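Residues per chain are reported as follows:
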Amino acid sequence: MATISDVAALAGVSTATVSRALNGKATVDPDLVARVRTAAVQLGYQPNGPARNLRRQEAAVVALIISDVENPFFTAIARGVEDVAHEVGYSVVLCNSDESATKENRYIDIAIQERVAGVILSPTGTTSSVEKLAARGTAFVAVDRPLPQQDSDVVLVDTRLAARQATEHLIAQGYQRIGCITGPAGVRTADDRLAGYRDALKAAKRRSSTKLVRRTEYKAAGAHKAAQEVLSQEEPPDALLVANSAMAVGVLQALQEKGIRPGQDVGIVAFDDAPWAALVDPPLSVVAQPAYEIGTVAARLLLARITDGTRPPTTTTLGARLIERGSSHRG
(Lines give C-alpha, C1' and ligand atoms only; values in the text may rest on other atoms or scores of the structure.)
Protein backbone atom coordinates (compact mmCIF):
# COMPACT_ATOMS: atom_id res chain seq x y z
CA MET A 1 0.00 0.00 0.00
CA ALA A 2 1.58 3.29 -1.16
CA THR A 3 2.41 5.93 1.46
CA ILE A 4 2.80 9.68 1.26
CA SER A 5 6.57 9.14 1.45
CA ASP A 6 6.42 6.92 -1.67
CA VAL A 7 4.58 9.69 -3.57
CA ALA A 8 7.09 12.30 -2.36
CA ALA A 9 10.05 10.14 -3.48
CA LEU A 10 8.57 9.49 -6.94
CA ALA A 11 7.64 13.16 -7.44
CA GLY A 12 10.97 14.38 -6.04
CA VAL A 13 9.37 16.64 -3.41
CA SER A 14 8.87 16.69 0.34
CA THR A 15 5.96 14.95 2.08
CA ALA A 16 4.73 18.41 3.17
CA THR A 17 4.54 19.45 -0.49
CA VAL A 18 2.61 16.27 -1.35
CA SER A 19 0.15 17.00 1.44
CA ARG A 20 -0.36 20.62 0.34
CA ALA A 21 -0.64 19.65 -3.34
CA LEU A 22 -3.27 16.96 -2.75
CA ASN A 23 -5.24 19.20 -0.41
CA GLY A 24 -5.47 21.93 -3.07
CA LYS A 25 -3.38 24.58 -1.32
CA ALA A 26 -2.91 27.61 -3.59
CA THR A 27 0.70 28.10 -2.42
CA VAL A 28 1.96 25.09 -4.42
CA ASP A 29 3.34 25.62 -7.93
CA PRO A 30 0.90 24.16 -10.52
CA ASP A 31 3.70 22.13 -12.19
CA LEU A 32 4.53 20.56 -8.83
CA VAL A 33 0.85 19.79 -8.21
CA ALA A 34 0.67 18.00 -11.59
CA ARG A 35 3.82 16.03 -10.78
CA VAL A 36 2.49 15.00 -7.38
CA ARG A 37 -0.91 13.99 -8.77
CA THR A 38 0.73 11.92 -11.52
CA ALA A 39 2.89 10.15 -8.94
CA ALA A 40 -0.15 9.50 -6.71
CA VAL A 41 -2.10 7.97 -9.62
CA GLN A 42 0.87 5.80 -10.69
CA LEU A 43 1.22 4.44 -7.16
CA GLY A 44 -2.51 4.11 -6.50
CA TYR A 45 -2.10 6.34 -3.43
CA GLN A 46 -5.22 7.36 -1.50
CA PRO A 47 -4.90 9.86 1.38
CA ASN A 48 -6.03 8.44 4.70
CA GLY A 49 -8.82 10.91 5.48
CA PRO A 50 -6.57 13.03 7.79
CA ALA A 51 -5.85 11.63 11.22
CA ARG A 52 -9.58 11.14 11.56
CA ASN A 53 -9.09 7.45 12.08
CA LEU A 54 -6.17 8.15 14.41
CA ARG A 55 -3.90 5.11 14.47
CA ARG A 56 -6.47 2.58 13.36
CA GLN A 57 -5.69 1.19 9.94
CA GLU A 58 -9.36 0.45 9.37
CA ALA A 59 -12.51 2.15 10.63
CA ALA A 60 -15.32 0.02 12.11
CA VAL A 61 -17.55 1.38 9.35
CA VAL A 62 -19.37 -0.29 6.46
CA ALA A 63 -20.27 1.74 3.36
CA LEU A 64 -23.63 0.82 1.80
CA ILE A 65 -24.01 2.13 -1.76
CA ILE A 66 -27.60 1.67 -2.99
CA SER A 67 -29.34 2.72 -6.19
CA ASP A 68 -32.25 4.72 -4.81
CA VAL A 69 -32.69 5.68 -1.18
CA GLU A 70 -36.36 6.59 -1.83
CA ASN A 71 -37.20 3.05 -2.94
CA PRO A 72 -38.62 1.02 0.01
CA PHE A 73 -36.88 -2.09 -1.37
CA PHE A 74 -33.46 -0.52 -0.83
CA THR A 75 -34.34 1.07 2.50
CA ALA A 76 -35.38 -2.38 3.77
CA ILE A 77 -32.02 -3.75 2.59
CA ALA A 78 -30.32 -0.90 4.47
CA ARG A 79 -32.23 -1.77 7.63
CA GLY A 80 -31.10 -5.38 7.41
CA VAL A 81 -27.47 -4.36 6.92
CA GLU A 82 -27.59 -1.87 9.79
CA ASP A 83 -29.18 -4.31 12.24
CA VAL A 84 -26.48 -6.94 11.70
CA ALA A 85 -23.62 -4.41 11.65
CA HIS A 86 -24.83 -2.74 14.84
CA GLU A 87 -24.83 -6.07 16.69
CA VAL A 88 -21.06 -6.36 16.26
CA GLY A 89 -20.19 -2.70 16.79
CA TYR A 90 -19.98 -1.50 13.19
CA SER A 91 -21.57 1.71 11.91
CA VAL A 92 -23.12 1.99 8.44
CA VAL A 93 -22.70 4.95 6.09
CA LEU A 94 -25.46 5.16 3.46
CA CYS A 95 -24.61 6.37 -0.06
CA ASN A 96 -27.15 6.90 -2.85
CA SER A 97 -25.80 6.26 -6.36
CA ASP A 98 -28.97 7.19 -8.31
CA GLU A 99 -28.00 4.51 -10.88
CA SER A 100 -25.02 6.74 -11.77
CA ALA A 101 -21.68 4.99 -12.37
CA THR A 102 -19.95 8.32 -11.72
CA LYS A 103 -21.55 8.69 -8.27
CA GLU A 104 -20.83 5.05 -7.46
CA ASN A 105 -17.18 5.54 -8.42
CA ARG A 106 -16.93 8.65 -6.26
CA TYR A 107 -18.38 6.87 -3.22
CA ILE A 108 -15.98 3.96 -3.69
CA ASP A 109 -13.07 6.45 -3.75
CA ILE A 110 -14.35 8.00 -0.52
CA ALA A 111 -14.74 4.54 1.06
CA ILE A 112 -11.10 3.81 0.22
CA GLN A 113 -9.91 7.19 1.53
CA GLU A 114 -11.79 6.70 4.77
CA ARG A 115 -10.47 3.13 5.10
CA VAL A 116 -13.87 1.62 5.72
CA ALA A 117 -13.84 -2.03 6.74
CA GLY A 118 -16.01 -3.08 3.80
CA VAL A 119 -18.53 -2.07 1.14
CA ILE A 120 -21.97 -3.45 0.23
CA LEU A 121 -23.34 -2.15 -3.07
CA SER A 122 -26.08 -2.60 -5.65
CA PRO A 123 -23.96 -2.11 -8.79
CA THR A 124 -25.00 0.42 -11.42
CA GLY A 125 -25.46 -0.96 -14.91
CA THR A 126 -22.75 -2.94 -16.66
CA THR A 127 -19.64 -1.24 -15.33
CA SER A 128 -18.32 -1.09 -11.81
CA SER A 129 -15.46 0.47 -9.89
CA VAL A 130 -14.98 -2.39 -7.45
CA GLU A 131 -11.66 -3.36 -9.03
CA LYS A 132 -10.17 -0.60 -6.87
CA LEU A 133 -11.61 -2.24 -3.76
CA ALA A 134 -10.27 -5.64 -4.81
CA ALA A 135 -6.81 -4.17 -5.51
CA ARG A 136 -6.65 -2.71 -2.01
CA GLY A 137 -7.99 -5.82 -0.32
CA THR A 138 -11.16 -4.07 0.90
CA ALA A 139 -14.02 -6.53 1.47
CA PHE A 140 -17.15 -6.03 -0.64
CA VAL A 141 -20.46 -7.76 -1.34
CA ALA A 142 -22.94 -7.09 -4.16
CA VAL A 143 -26.71 -7.09 -3.57
CA ASP A 144 -29.67 -7.28 -5.97
CA ARG A 145 -27.37 -7.46 -9.02
CA PRO A 146 -24.18 -9.37 -9.76
CA LEU A 147 -20.92 -7.51 -10.41
CA PRO A 148 -19.77 -7.62 -14.04
CA GLN A 149 -16.47 -9.43 -14.60
CA GLN A 150 -15.78 -9.73 -10.88
CA ASP A 151 -15.74 -12.71 -8.55
CA SER A 152 -17.40 -11.61 -5.33
CA ASP A 153 -20.01 -12.52 -2.75
CA VAL A 154 -23.44 -11.75 -4.21
CA VAL A 155 -26.95 -11.83 -2.72
CA LEU A 156 -29.68 -11.96 -5.36
CA VAL A 157 -33.36 -12.70 -5.84
CA ASP A 158 -34.46 -15.02 -8.66
CA THR A 159 -36.23 -12.11 -10.27
CA ARG A 160 -36.58 -13.73 -13.72
CA LEU A 161 -38.53 -16.64 -12.27
CA ALA A 162 -40.64 -14.24 -10.19
CA ALA A 163 -41.51 -12.17 -13.28
CA ARG A 164 -42.46 -15.34 -15.14
CA GLN A 165 -44.76 -16.46 -12.30
CA ALA A 166 -46.40 -13.02 -12.11
CA THR A 167 -47.04 -13.03 -15.86
CA GLU A 168 -48.40 -16.61 -15.70
CA HIS A 169 -50.81 -15.40 -13.01
CA LEU A 170 -52.08 -12.64 -15.34
CA ILE A 171 -52.49 -15.18 -18.16
CA ALA A 172 -54.44 -17.48 -15.83
CA GLN A 173 -56.76 -14.60 -14.94
CA GLY A 174 -57.77 -14.34 -18.60
CA TYR A 175 -55.86 -11.22 -19.64
CA GLN A 176 -54.96 -11.36 -23.33
CA ARG A 177 -52.65 -8.44 -24.15
CA ILE A 178 -50.17 -8.36 -21.30
CA GLY A 179 -47.56 -5.60 -21.33
CA CYS A 180 -44.42 -4.92 -19.32
CA ILE A 181 -42.97 -1.68 -17.97
CA THR A 182 -39.43 -2.34 -16.81
CA GLY A 183 -36.22 -0.51 -15.94
CA PRO A 184 -33.29 0.63 -18.09
CA ALA A 185 -31.50 -1.70 -20.50
CA GLY A 186 -28.28 -3.01 -19.00
CA VAL A 187 -29.59 -3.02 -15.42
CA ARG A 188 -29.62 -6.72 -14.58
CA THR A 189 -32.89 -6.76 -12.61
CA ALA A 190 -34.69 -4.83 -15.35
CA ASP A 191 -33.37 -7.20 -18.03
CA ASP A 192 -34.29 -10.28 -15.96
CA ARG A 193 -37.85 -9.10 -15.30
CA LEU A 194 -38.40 -8.50 -19.00
CA ALA A 195 -36.91 -11.93 -19.79
CA GLY A 196 -39.19 -13.63 -17.23
CA TYR A 197 -42.23 -11.88 -18.72
CA ARG A 198 -41.24 -13.14 -22.18
CA ASP A 199 -40.58 -16.65 -20.80
CA ALA A 200 -44.19 -16.84 -19.61
CA LEU A 201 -45.63 -15.60 -22.90
CA LYS A 202 -43.52 -18.09 -24.85
CA ALA A 203 -44.56 -20.98 -22.60
CA ALA A 204 -48.22 -20.00 -23.17
CA LYS A 205 -47.55 -19.84 -26.95
CA ARG A 206 -48.30 -16.14 -27.05
CA ARG A 207 -46.35 -13.70 -29.20
CA SER A 208 -44.32 -11.04 -27.42
CA SER A 209 -44.99 -7.64 -28.96
CA THR A 210 -42.50 -4.78 -28.58
CA LYS A 211 -45.51 -2.44 -28.72
CA LEU A 212 -46.53 -3.70 -25.28
CA VAL A 213 -43.09 -3.20 -23.67
CA ARG A 214 -41.59 0.02 -22.34
CA ARG A 215 -38.19 0.59 -20.72
CA THR A 216 -37.61 3.63 -18.56
CA GLU A 217 -35.88 4.77 -15.38
CA TYR A 218 -36.82 2.95 -12.17
CA LYS A 219 -38.87 5.99 -11.07
CA ALA A 220 -42.51 7.06 -10.93
CA ALA A 221 -42.14 9.84 -13.53
CA GLY A 222 -40.65 7.55 -16.17
CA ALA A 223 -43.26 4.86 -15.60
CA HIS A 224 -46.09 7.44 -15.71
CA LYS A 225 -44.99 8.57 -19.16
CA ALA A 226 -44.44 4.98 -20.33
CA ALA A 227 -47.90 3.92 -19.12
CA GLN A 228 -49.54 6.89 -20.85
CA GLU A 229 -47.82 5.92 -24.10
CA VAL A 230 -48.62 2.22 -24.00
CA LEU A 231 -52.25 2.77 -22.89
CA SER A 232 -52.87 5.34 -25.65
CA GLN A 233 -52.19 2.86 -28.44
CA GLU A 234 -54.89 1.65 -30.80
CA GLU A 235 -54.59 -1.79 -29.18
CA PRO A 236 -53.56 -1.08 -25.59
CA PRO A 237 -52.61 -3.79 -23.10
CA ASP A 238 -55.29 -5.22 -20.81
CA ALA A 239 -52.67 -6.08 -18.15
CA LEU A 240 -49.24 -4.81 -17.08
CA LEU A 241 -46.28 -6.25 -15.22
CA VAL A 242 -44.50 -3.33 -13.51
CA ALA A 243 -40.88 -3.70 -12.44
CA ASN A 244 -40.87 -1.91 -9.07
CA SER A 245 -43.04 -0.05 -6.57
CA ALA A 246 -41.87 3.44 -7.55
CA MET A 247 -42.89 2.70 -11.14
CA ALA A 248 -46.22 1.32 -9.89
CA VAL A 249 -47.04 4.77 -8.48
CA GLY A 250 -46.57 6.31 -11.94
CA VAL A 251 -48.62 3.58 -13.62
CA LEU A 252 -51.52 3.92 -11.15
CA GLN A 253 -51.47 7.69 -11.67
CA ALA A 254 -51.72 7.21 -15.47
CA LEU A 255 -54.63 4.77 -15.03
CA GLN A 256 -56.46 7.21 -12.78
CA GLU A 257 -56.01 10.05 -15.29
CA LYS A 258 -57.48 7.89 -18.05
CA GLY A 259 -60.36 6.61 -15.91
CA ILE A 260 -59.11 3.03 -16.20
CA ARG A 261 -59.86 0.70 -13.29
CA PRO A 262 -57.07 -1.63 -12.11
CA GLY A 263 -58.20 -5.24 -12.10
CA GLN A 264 -61.38 -4.87 -14.10
CA ASP A 265 -60.05 -2.87 -17.07
CA VAL A 266 -56.30 -3.47 -16.76
CA GLY A 267 -54.69 -6.11 -14.56
CA ILE A 268 -51.64 -4.94 -12.61
CA VAL A 269 -48.87 -6.84 -10.84
CA ALA A 270 -45.87 -4.86 -9.54
CA PHE A 271 -42.59 -5.87 -7.98
CA ASP A 272 -42.10 -5.08 -4.27
CA ASP A 273 -44.70 -5.05 -1.51
CA ALA A 274 -44.55 -1.38 -0.53
CA PRO A 275 -46.42 -0.42 2.68
CA TRP A 276 -49.15 1.32 0.66
CA ALA A 277 -49.73 -1.57 -1.79
CA ALA A 278 -52.47 -3.25 0.26
CA LEU A 279 -54.18 0.08 0.99
CA VAL A 280 -55.03 1.28 -2.54
CA ASP A 281 -58.38 0.37 -4.12
CA PRO A 282 -58.27 -2.33 -5.32
CA PRO A 283 -55.25 -3.58 -3.37
CA LEU A 284 -52.16 -4.06 -5.54
CA SER A 285 -50.97 -7.55 -6.47
CA VAL A 286 -47.21 -7.69 -5.91
CA VAL A 287 -44.07 -9.77 -6.17
CA ALA A 288 -42.73 -9.51 -2.61
CA GLN A 289 -38.94 -9.66 -2.44
CA PRO A 290 -37.16 -10.50 0.86
CA ALA A 291 -35.36 -7.14 0.99
CA TYR A 292 -34.60 -7.14 4.73
CA GLU A 293 -33.16 -10.66 4.43
CA ILE A 294 -31.00 -9.57 1.50
CA GLY A 295 -29.50 -6.93 3.82
CA THR A 296 -28.90 -9.29 6.75
CA VAL A 297 -27.36 -12.02 4.56
CA ALA A 298 -25.13 -9.48 2.78
CA ALA A 299 -23.95 -7.97 6.07
CA ARG A 300 -23.04 -11.38 7.50
CA LEU A 301 -21.17 -12.29 4.32
CA LEU A 302 -19.27 -9.01 4.46
CA LEU A 303 -18.30 -9.49 8.12
CA ALA A 304 -17.08 -13.00 7.30
CA ARG A 305 -15.00 -11.64 4.41
CA ILE A 306 -13.54 -8.87 6.59
CA THR A 307 -12.40 -11.62 8.98
CA ASP A 308 -11.12 -13.93 6.22
CA GLY A 309 -10.46 -12.42 2.80
CA THR A 310 -9.41 -15.80 1.36
CA ARG A 311 -12.90 -17.33 1.55
CA PRO A 312 -14.20 -18.50 -1.86
CA PRO A 313 -16.90 -16.17 -3.28
CA THR A 314 -20.50 -17.28 -2.79
CA THR A 315 -23.75 -16.50 -4.60
CA THR A 316 -26.89 -16.56 -2.45
CA THR A 317 -30.16 -16.60 -4.42
CA LEU A 318 -33.33 -15.92 -2.45
CA GLY A 319 -36.90 -16.52 -3.60
CA ALA A 320 -39.68 -13.99 -4.17
CA ARG A 321 -43.38 -14.51 -3.44
CA LEU A 322 -46.41 -13.54 -5.52
CA ILE A 323 -49.15 -11.96 -3.40
CA GLU A 324 -52.43 -11.94 -5.34
CA ARG A 325 -54.76 -9.04 -4.59
CA GLY A 326 -57.58 -7.23 -6.33
CA SER A 327 -55.55 -5.40 -9.01
CA SER A 328 -54.97 -8.61 -10.95
CA HIS A 329 -58.42 -10.19 -10.66
CA ARG A 330 -61.22 -9.33 -13.05
CA GLY A 331 -64.40 -8.19 -11.27
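Provided above is the structure to which this section pertains.
Residues numbered from 1 in each chain as written. Predicted model: local features only at pLDDT ≥ 70, side-chain atom pairs only at ≥ 80, totals over all residues. Heavy atoms only, no water.

J.: What should I look at first to understand the overall build of the protein chain in this one?
T.: Along its length, the protein chain carries 11 helices and 12 strands. Taken along its principal axes, the extent of the C-alpha atoms in the protein chain is 75 × 40 × 35 Å. Counting across all 331 residues of the protein chain, residues that qualify as buried make up 50%. Long-range contacts, defined here as pairs at least 24 residues apart, represent 70% of the contacts in the protein chain between residues at least 6 apart. Between the mean site of the 37 positive side-chain charges and the mean site of the 36 negative ones, the protein chain shows a separation of 2 Å. (Helix = DSSP H or I, 4+ residues; strand = E, 2+ residues; numbered from the N terminus. Buried < 20%, exposed > 50% of the residue type's maximum accessible area, 1.4 Å probe, protein only. Contact = heavy atoms within 4.5 Å. Lys, Arg positive; Asp, Glu negative; His and termini not counted. Charge placed at Lys NZ, Arg CZ, Asp CG, Glu CD.)

J.: Help me understand the packing of helix H7 (residues 159-172) against helix H8 (residues 188-203), please; the structure alone is not making it clear to me.
T.: Between two packed helices, both the angle of their axes relative to each other and the distance between the axes serve to describe the pair. Between H7 and H8, whose axes approach to 7 Å, the crossing angle comes to 40°. Regarding the angle of H7 to H8, the classification is oblique. In this structure, H7 crosses over H8, and the sense of that crossing is right-handed. Of H8, the residues touching H7 (which contributes Thr-159, Arg-160, Ala-163, Arg-164, Thr-167, Glu-168 and Ile-171) are Thr-189, Asp-192, Arg-193, Ala-195, Gly-196, Tyr-197, Asp-199, Ala-200, Leu-201 and Ala-203. Looking at the contact of H7 with H8 residue by residue, the classes come out as 7 nonpolar, 4 polar and 6 charged. (Axes fitted to C-alpha atoms, helices over the stretch in contact; angles between N-to-C directions. Parallel < 35°, antiparallel > 145°, perpendicular 65-115°, else oblique. Left-handed = near helix turned anticlockwise from the far one by under 90°. Nonpolar A, V, L, I, M, F, W, Y, C, P; charged D, E, K, R; others polar.)

J.: Would you mind showing me how to read the packing of aromatic side chains here?
T.: Within a pair of aromatic rings, the relevant descriptors are the distance that separates the centres and the angle that separates the planes. Inspection of the entire model under this criterion finds 1 aromatic pair. Aromatic side chains Phe-73 and Phe-74 sit 5.1 Å apart centroid to centroid with 75° between the ring planes, which places their arrangement in the edge-to-face category. Of the two residues, Phe-73 and Phe-74, both sit in the buried class. Just above the ring of Phe-271 sits the side chain of Arg-193; from NZ or CZ to the centre is 4.2 Å. (Phe/Tyr/Trp six-rings, centres within 6.5 Å; stacked < 30°, edge-to-face > 60°. Lys NZ or Arg CZ within 6 Å of the ring centre and 35° of its normal.)

J.: I would appreciate a short explanation of the nonpolar core in the present structure.
T.: The tendency in soluble globular proteins is for nonpolar side chains to be buried side by side. Counting residues in hydrophobic clusters, the biggest one holds 27 residues, and the most contacted among them are Ile-181, Leu-240, Val-242, Val-251, Leu-255 and Ile-268. If you list the elements that add at least two residues to this core, you get helix H9 (220-231), strand E8 (239-242), helix H10 (245-258), strand E9 (267-271) and strand E10 (285-288). If one sorts the elements of this core by residue count, H10 sits on top with 6 residues. Leu-240 has contacts with Leu-170, Gly-179, Cys-180, Ile-181, Val-230, Val-251, Val-266, Gly-267, Ile-268 and Val-269, leaving out every residue within four places of it along the chain. (Core = buried A, V, L, I, M, F, W, Y, C linked by side-chain atoms within 4.5 Å.)

J.: Got a minute to help me understand H8 in this structure?
T.: Residues spaced three or four apart along an α-helix face the same direction, because each turn holds 3.6 residues. For H8, with 16 residues, the first-to-last C-alpha span of 22 Å sits near the 22 Å given by 1.5 Å per residue. Taken residue by residue, H8 has Thr-189, Ala-190, Asp-192, Arg-193, Leu-194, Ala-195, Gly-196, Tyr-197, Ala-200 and Leu-201 as its buried positions. Positive backbone phi, approximately 60°, marks Lys-205, located one or two places after H8. (Expected span 1.5 Å × (residues − 1).)

J.: I would appreciate a short explanation of the packing of helix H2 (residues 15-22) against helix H3 (residues 30-43) in the present structure.
T.: It is the contact of H2 with H3, at a shortest axis distance of 9 Å, that shows an interaxial angle of 95°. With respect to H3, the element H2 is oriented roughly perpendicular. Of H3, the residues touching H2 (which contributes Thr-17, Val-18, Ala-21 and Leu-22) are Leu-32, Val-33, Val-36 and Arg-37. Here the contact of H2 with H3 is composed, by residue class, of 6 nonpolar, 1 polar and 1 charged.

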